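# Survey of secondary and tertiary structure
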Amino acid sequence: MLMGHRFRIWGSRFGSFALLSGLGWIVDFATFNGLVMLNVRLFFANLVGAAAGMGTVFGAGRLSLFRSSRNPLLYATGLYTVWTVFAVVFASALIDVLGSALHAPAIQPMLIATLRTVPGRLPVNVAISTIAKLVITPLTMLLNFCAMTLINGHRNPDPPAPSTDADQDSGLCTDVQLCKAGGPSRPPV
């Protein structure tokens, strides 16, 4: 029973975190692709975009989802900064490798042919950066949620108390203070 309660709380928090991460991802993606359009290498574009997005998620998450954190803000911020450096470098390297693979002579002609079927003119480098980012995002989101949960040391609310017959008769006391003190109760009707 307790394990099921914790799983529901974790699932609910992950759903809320996923929505919050959407905001951070928009900041990340816009910054990332803006830099790609300026011909910045994918690794460096993702470093800047992901840092901006993760900073947004940490700030908003700390104010809302993880507001009952056991760890002080300064401590959590320090740990999250260390995590961000590691995670952003790791994700940037993965995106750079994937982007290089998509630029390969065997793949790029197929990508260009596919882009011709899409309405609008999307530059090849932006299409490649978008594909690489979309492939890596689910992994980074899951890892970031796990890190935020560990870093913030979130307190789980107490599980609901099982109901008893005594709970159903709690309306028999006329005065709450007297009931708590074990005083007289209302006579039966």
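Preceding this paragraph is the structure being described.
Residues numbered from 1 in each chain as written. Predicted model: local features only at pLDDT ≥ 70, side-chain atom pairs only at ≥ 80, totals over all residues. Heavy atoms only, no water.

Bringing the overall build of the protein into the picture now. Looking only at helices and strands, the protein has 7 helices and 0 strands in total. Listing every helix and strand of the protein by position from the N terminus yields α-α-α-α-α-α-α. Every one of the 189 residues in the protein was classed for burial, and the buried ones make up 31%. A sequence separation of at least 24 residues applies to 77% of the contacts in the protein between residues at least 6 apart. Split by element, the accessible area of the protein, about 11,700 Å² in all, is 70% carbon and sulfur. (Helix = DSSP H or I, 4+ residues; strand = E, 2+ residues; numbered from the N terminus. Buried < 20%, exposed > 50% of the residue type's maximum accessible area, 1.4 Å probe, protein only. Contact = heavy atoms within 4.5 Å. Areas by Shrake-Rupley, 256 points an atom, 1.4 Å probe, with all protein chains shown as cover.)

Moving on to the environment of Ala132. Locating Ala132 in the fold gives a position in helix α5 (residues 124-152). A relative accessible area of 0% means that Ala132 is categorised as buried. Each C-alpha atom of the pair Ala132 and Ser100 lies 9.5 Å from the other, and the pair is 32 residues apart in sequence. Non-local contacts of Ala132, meaning those with residues more than four positions away in its chain, are made with Ile95, Leu98, Gly99 and Leu102.

Looking now at α5. With 29 residues, α5 ought to run about 42 Å at 1.5 Å a step, and its terminal C-alpha atoms sit 40 Å apart, in line with that. When the local axis directions of α5 are compared, the greatest deviation, roughly 40°, occurs at Thr137, which is followed within four positions by the proline Pro138. (Expected span 1.5 Å × (residues − 1). Bend = angle between axes of the 7 residues up to and from the residue.)

To continue, consider the packing of aromatic side chains. Counted according to the given criterion, the structure contains 4 aromatic pairs. Pairing Phe43 with Phe44 gives two aromatic rings, centres 5.2 Å apart and planes at 90°, and the pair type is edge-to-face. Judged by relative accessible area, Phe44 falls into the partly exposed class, the value being 44%. Here Phe86 and Phe90 contribute two aromatic rings whose centre-to-centre distance is 6.2 Å and whose plane-to-plane angle is 5°, an arrangement assigned as stacked. Remark: Phe90 and Phe86 occur in helix α3 (residues 73-102); sequence separation between them is 4 residues, near one turn of the helix. Site record: aromatic cluster; members linked through ring pairs are Trp83, Phe86 and Phe90. The ring of Phe32 carries the charged tip of Lys133 above its face, separated from the ring centre by 5.0 Å. (Phe/Tyr/Trp six-rings, centres within 6.5 Å; stacked < 30°, edge-to-face > 60°. Lys NZ or Arg CZ within 6 Å of the ring centre and 35° of its normal.)

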